[in-house]
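# Structural characterization, general
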Amino acid sequence: ASEPPSGVFDIVVANILAHVVIALSEPLFHATKPGGGVLITSGILAGASAQQVAGVLQNAGFSDTEIVTEGEWASVIAQRE
C-alpha cells in the first residue's frame, strides 16, 4: 500500500524500508490508537537507519520507542499515549 489504511488501530504493522516509514510517520501516528496503541516496524537496517526511524517517530508524536535487532535487521516499536 502507498499509505496506511483509514481508521485507528490498536496495533499497526509496517514491514517496509526506513525511508518509507519516515515518509509515512505522521499517517502511521494517526492510524495508531491513542492511549496505548502500538506501531511495529520492521525491514529496517540496524544501526543509524533504525536510530533515525526512532527519532522521526518520536517527533511525529509517539511517546516511547524501542529498537530490537536481529543480525543486520531492526524493528522499531513505538507506542502512542
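So, how was this worked out
Residues numbered from 1 in each chain as written. Predicted model: local features only at pLDDT ≥ 70, side-chain atom pairs only at ≥ 80, totals over all residues. Heavy atoms only, no water. Helix = DSSP H or I, 4+ residues; strand = E, 2+ residues; numbered from the N terminus. Expected span 1.5 Å × (residues − 1). Buried < 20%, exposed > 50% of the residue type's maximum accessible area, 1.4 Å probe, protein only. Arc of directions from axis to C-beta. Contact = heavy atoms within 4.5 Å.

### Describing helix α3 (residues 48–60)
In this model α3 runs 18 Å from its N-terminal to its C-terminal C-alpha over 13 residues, within 8% of the 18 Å that 1.5 Å per residue would give. Burial in α3 covers these residues: Ala50, Val53, Ala54, Leu57 and Ala60. For α3, the angular spread of the buried residues around the axis is 125°, confining them to a single face. Every exposed residue of α3 that faces more than 90 degrees away from the buried side is listed here: Ala48, Gln51 and Asn59. On its buried face, α3 is in contact with α1 (18–23), α2 (25–31), β2 (37–45), β3 (64–70) and β4 (73–80). Among the residues trailing α3, Gly61 stands out with phi positive, at a value near 125°.

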